[in-house]
Amino acid sequence: MTAHDHPLTSLDPALRAQLATLIGLSDPQLECALNDARSPEGYHRYELPKGNGKVRVIHAPSDALKLAQRLTLDRLLSRVPVSPFAHGFALGKSIITNARVHASTARAVLNLDLQDAFPSVSERHVRKLFEWRVGPLLKVSLPTLSQAERGALYDALTTLCTRDGSLPQGAPTSGYLLNLACARLDRMIFGLALRSGLPQVRYSRYADDLTITSSAPIPPEFHLSVIRAVTQSGFKVNPHKLHSYSDAHRAIVICGIRLYRGGLALPGATLKRYRALFNDVASTPSEQVDETRRGEVMGVLGYLRHIYPSCPAPLVKPLNRVINAHPSWLKLPRDRDDKGTYRSFTYADLQAMNTTPTGGPR
């Protein structure tokens, strides 16, 4: 057992000041973040309901710790390239780019989830990632540091980004570090796909969700090879989320997005949920629609505009109701037909919208 098996207990003030400057914090801010990272009160635990009736446990960092993690992500981690197969927590990638990898060729799919992906990445592994992947940046940015001093900075960064010996789900840095930790897994599965002989085989990963597609059925032997690769990479397959089927049996859906005629669409159940949202908001007086609800509407519209060139038919009427009920905060192009409704708009003038959705309303 080495010193790196345990969280950092101290950091030389001069080194701490250099690290603070490197990531864009004041020395007191970094000291506060490090203290929070070591403290049981540094994270707030809460639960989010999942579609299967279970809950997802989130550990939200304190404000000071969250700022330090965000700057570590922006100033250091984001400068390290991730696997080209990673579409979650990656700049310019999204749940939509993940599905588009497979849109034109997929006739059969193998989809699996990594079980407890974030807790599976240990503190020791995170420390190695900082040394191996961020280390070259530190050598350029702080060239006068000794090897021991750089090691102390790797320890400090590891402390900032881990909780109870692993990655916490909820920290801004965890998604990017998961991508770096999955680099070997991505290489192994891509290699298996290339050697499989499957026609038009494609592989992508959205966070802990792995997808392999082909234009021909995927044999059980390939499933076993993928499962072995996951295990050899230090992860486990969630046995309840392993699915394999072809489009002859049902529509192929990847992370909630349906592959349809070489393009993308949304399942009927998702459109039904969005229709209910629009109808509910349209029936609510403007003064009672709070910022959270407005953000939900705009988030749905932002998601839709990256999948559909114009409003999908089931949503035209309810969206028109929203537009006419709330013109003060929801502004859309004035492209009316002779009945005074918005039959065909392109979302081009939607305001306050994220142009690259990372996950989309699910």
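The shown structure was predicted, so the numbers you read here are calculated from the model rather than taken from an experiment.

## So, the layout of surface pockets
And step 1. Of the pockets and cavities examined, the second largest pocket occupies roughly 200 Å³.
And step 2. Lining the second largest pocket are 13 residues, with Ala37, Arg38, Thr162, Arg163 and Asp164 positioned closest to its centre.
And step 3. Looking at the lining of the second largest pocket, the elements that each hand over two or more residues are helix H2 (27-38) and helix H7 (147-161).

## Overview of the packing of aromatic side chains
And step 1. All told, the structure shown has 3 aromatic pairs when counted by the stated rule.
And step 2. Judged by centre distance (4.7 Å) and plane angle (40°), the ring pair of Phe85 and Phe190 falls under tilted. Of this pair, Phe85 sits in the loop between helix H3 (63-75) and helix H4 (95-100) while Phe190 sits in helix H9 (residues 183-195), and the two are 105 residues apart along the sequence.
And step 3. Assessed through its relative accessible area of 15%, Phe85 is described here as buried.
And step 4. Among the residues examined, Phe190 registers a relative accessible area of 33% and is labelled partly exposed.
And step 5. Seen from their ring centres, Phe89 and Phe118 are 6.4 Å apart, and the 80° between their planes marks the pair as edge-to-face. Pair noted here: Phe89 is in the loop between H3 and H4 and Phe118 is in helix H5 (residues 117-120), with a separation of 29 residues, a long-range link.

## Focus on the pattern of salt bridges
And step 1. Summed over all chains, the structure comprises 13 salt bridges.
And step 2. Here Asp113 ties to Lys241 by a salt bridge, and the two come within 3.7 Å at their closest N and O atoms. Of this pair, Asp113 sits in strand S3 (residues 108-114) while Lys241 is found in strand S6 (residues 237-246), placing the two residues 128 residues apart along the sequence.
And step 3. Between Asp186 and Arg205 there is a salt bridge, with the nearest N and O atoms lying 3.0 Å from each other. Of the two residues, Asp186 sits in helix H9 while Arg205 sits in strand S4 (residues 202-206), which places them 19 residues apart along the sequence. Both residues of the pair, Asp186 and Arg205, belong to the buried class.

## Details of the packing of helix H1 (residues 13-23) against H2
And step 1. Remark: H1 packs on H2, axes separated minimally by 8 Å, with the N-to-C direction vectors making an angle of 100°. On the basis of the axis angle, H1 is roughly perpendicular to H2. Contact residues: Arg16, Ala17, Leu19, Ala20 and Ile23 in H1; Asp27, Leu30, Glu31 and Leu34 in H2.
And step 2. Within the contact of H1 with H2, the residues separate by chemical class into 6 nonpolar, no polar and 3 charged.

How each quantity is defined
- Residues numbered from 1 in each chain as written.
- Predicted model: local features only at pLDDT ≥ 70, side-chain atom pairs only at ≥ 80, totals over all residues.
- Heavy atoms only, no water.
- 1 Å grid on protein atoms, 1.4 Å probe; cavity = no way out; pocket = protein on both sides within 12 Å on 5 of 7 lines; lining within 4 Å.
- Points joined across faces, edges and corners; volume = space filled by probe spheres on them.
- Helix = DSSP H or I, 4+ residues; strand = E, 2+ residues; numbered from the N terminus.
- Phe/Tyr/Trp six-rings, centres within 6.5 Å; stacked < 30°, edge-to-face > 60°.
- Buried < 20%, exposed > 50% of the residue type's maximum accessible area, 1.4 Å probe, protein only.
- Salt bridge = Lys/Arg side-chain N within 4 Å of Asp/Glu carboxyl O.
- Axes fitted to C-alpha atoms, helices over the stretch in contact; angles between N-to-C directions.
- Parallel < 35°, antiparallel > 145°, perpendicular 65-115°, else oblique.
- Contact = heavy atoms within 4.5 Å.
- Nonpolar A, V, L, I, M, F, W, Y, C, P; charged D, E, K, R; others polar.

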